[in-house]
Structure formats: structure tokens, C-alpha cells
Amino acid sequence: MPTAPHILIVDDEPNIVMSLEFLMRKSGYQVSIARNGTEALEAIDHTAFDVVLLDIMMPDVDGYQVCRHLRQRPDRTATRVVMLSAKSKEADVQKGYDAGADLYLPKPFSTRQLMEKVKSLLVVL
């Protein structure tokens, strides 16, 4: 039996983490949580995730740095990164894609839309 896709949720906002974790588990995914960029870097170094839901604005290491770190690892090339951010200016979005994001969703986002995007990214794997 194939294992469920493993999702890493990276956000320093507890309410967002809780709602995303609930949705992802309900959809049958394995879920790990990182509450800041430092935890995210550690998690990425120890585990291969299928999808990383990544907030950009965090107090220590920002989402751009986390994404670049992930993209520098040859053993993590299959990992899909979805950036979630209140920063929705074109330059911010471009910076996200430049850092290696597969998708950039401005906050607030529709959770239904997010679930559809995650599902479609997993199909590609």
C-alpha cells in the first residue's frame, strides 16, 4: 500500500497551522508542522516531503530562504513548494518563483482552492 503524501506546513500563525493541518489530515495526508523558518530548515534536512506549504513572513528565517535551501538539495528535487503570503505585490510573487516556488498563493486564500492545488501538484509527482 503506498504511503500517504507527506506535507510540511510552515507558518508562525497558529490558527493557520491548525486549520491547514486539519484540512490536510482530513484529505488523508501525513502532516508535519514547523512553526518558524529554523524548524522548517531542520525538518527539510531530516525528511523528504512531497509538498511544503510555506509562509514567507516569519520572524527568524523567511520563506524565501527556506525555499532556496530546499532547492539547493539535490535529494529534494521532487518536493513541491506552495508559498502562502500576505505579500501579494507582483515583485513579491516573482521573488517567490525566483526562490523556487512551484506555486504562490496570496493570503487570504480559499482553502478549497489550496486543496485543489495541492492535489494537482501531487499528481505531477
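Because the structure is a prediction, the values reported are computed rather than measured.

Draft legend 1. Layout of the UniProt feature "domain: Response regulatory" (unreviewed entry) in the protein. In this structure's numbering, the residues bearing the UniProt feature "domain: Response regulatory" (unreviewed entry) are residues 6–122. Regarding residues 6–122, the helix share stands at 46% and the strand share at 21%, and the terminal C-alpha atoms are separated by 10 Å.

Draft legend 2. Structural view of the side chain of Lys107. With respect to the secondary-structure elements, Lys107 resides in the loop between strand S5 (103–106) and helix H5 (111–124). Beyond its immediate sequence surroundings of up to four residues, Lys107 is in contact with Asp11, Ile16, Asp55, Leu84, Ser85 and Ala86.

Draft legend 3. Examining the pairing of strand S1 (residues 6–10) more closely. With respect to burial, S1 is a largely interior element, five of its five residues being buried. The alternating pattern of S1 places His6, Leu8 and Val10 and Ile7 and Ile9 on opposite faces, both of which are buried. The pairing of S1 with strand S2 (residues 30–34) spans five bridges and is classified as parallel. Along S2, the bridge assignment pairs Leu8 with Ser32. This β-α-β element, S1 to helix H1 (residues 14–26) to S2, shows right-handed connectivity. Here S1 pairs with strand S3 (residues 51–55) via four bridges, running parallel. Opposite Leu8, over in S3, you have Val52 as the bridge partner.

Draft legend 4. Structural view of the pairing of S5. By the bridge criterion, four bridges tie strand S4 (residues 80–85) to S5 in an arrangement that is parallel. Residue Val82 lies in a different strand from S5, and its bridge partner there is Leu103. Where the polypeptide runs from S4 across helix H4 (residues 90–99) and back to S5, its parallel neighbour, the crossover connection is right-handed.

Draft legend 5. Geometry of the sheet that holds S2. Within the open sheet, the five strands sit side by side as S2-S1-S3-S4-S5. Their pairing is parallel. Each of the sheet's edge strands pairs with one partner strand only, and the pair in question is S2 and S5. Within the sheet, the average angular offset between the axes of one strand and its neighbour, ignoring direction, is 20°. Along the sheet, H4 contacts S4 and S5; its crossing angle with S5, the most-contacted strand, is approximately 150°.

Draft legend 6. Structural detail: the UniProt feature "modified residue: 4-aspartylphosphate" (unreviewed entry) in the protein. Per the UniProt annotation, the sites labelled "modified residue: 4-aspartylphosphate" (unreviewed entry) are Asp55. If you trace the backbone, Asp55 turns up in strand S3.

The rules behind these values
- Residues numbered from 1 in each chain as written.
- Predicted model: local features only at pLDDT ≥ 70, side-chain atom pairs only at ≥ 80, totals over all residues.
- Heavy atoms only, no water.
- UniProt positions renumbered as here; feature names shortened; annotations may be inferred.
- Helix = DSSP H or I, 4+ residues; strand = E, 2+ residues; numbered from the N terminus.
- Contact = heavy atoms within 4.5 Å.
- Buried < 20%, exposed > 50% of the residue type's maximum accessible area, 1.4 Å probe, protein only.
- Pairing = 2+ DSSP bridges.
- Right-handed = clockwise from strand over helix to strand, strands pointing away.
- Axes fitted to C-alpha atoms, helices over the stretch in contact; angles between N-to-C directions.

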